[in-house]
Amino acid sequence: PKCRNGAERLVKSWLKDQSLDFLGLELFYDDGPFKAGAEEMANWLLSKQACGGSSDKGSITFPYDIARLLVNNDRWELLGEATGGCAGIKGNSTEPNYRAFVAQAVKRKVGEER
């Protein structure tokens, strides 16, 4: 819990930092800072991809991996849907079930940058 709490505090501080445009997180299993309506998420749009097991009800079934991409909604708008997938295989699986990735096209709200 001590490590998790420290990591959550760090992520929340990043979410409050309005100088950031994007934030990418891998292997951060806790949904706490990302819940809909969370104060820290007010200026962020979230795309995510999960692979493998599940993290239902606070327990994790391995192999499990999650990738999150957060975009500062004050400066960027999303273009289309995010895309993602699983790039690795763990255990006896014949399908990719590990190493999540996510990508999202964006456009700056002011200017022409994409």
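For the structure itself, consult the block above.
The following paragraphs examine the structure supplied in this document.

The next thing to look at is helix H1 (residues 2-16). For H1, which comprises 15 residues, the first-to-last C-alpha distance of 21 Å matches the rise-based estimate of 21 Å (1.5 Å per residue) to within 8%. Within H1, burial applies to Glu-8, Val-11 and Leu-15. Relative to the axis of H1, the buried residues are bounded by an arc of 65° and lie together on one face. Facing away from the buried side of H1, by more than 90 degrees, are the exposed residues Lys-2, Cys-3, Arg-9 and Lys-16. Looking at the buried side of H1, the elements it contacts are strand E1 (22-26), strand E2 (44-52) and strand E3 (64-72).

Attention shifts here to the packing of aromatic side chains. Aromatic rings in a pair are described by how distant their centres are and how their planes are angled relative to each other. Applying the stated rule across the entire model yields one aromatic pair. The interplanar angle of 45° and the centroid separation of 5.1 Å between the aromatic rings of Phe-22 and Trp-76 together place this pair among those described as tilted. A residue pair is termed long-range when its members are at least 10 positions apart, and Phe-22 in strand E1 and Trp-76 in strand E4 (residues 76-88) qualify at 54 residues. The exposure class of Trp-76 is buried, given its relative accessible area of 5%.

Quick notes on the rules
Residues numbered from 1 in each chain as written. Predicted model: local features only at pLDDT ≥ 70, side-chain atom pairs only at ≥ 80, totals over all residues. Heavy atoms only, no water. Helix = DSSP H or I, 4+ residues; strand = E, 2+ residues; numbered from the N terminus. Expected span 1.5 Å × (residues − 1). Buried < 20%, exposed > 50% of the residue type's maximum accessible area, 1.4 Å probe, protein only. Arc of directions from axis to C-beta. Contact = heavy atoms within 4.5 Å. Phe/Tyr/Trp six-rings, centres within 6.5 Å; stacked < 30°, edge-to-face > 60°.

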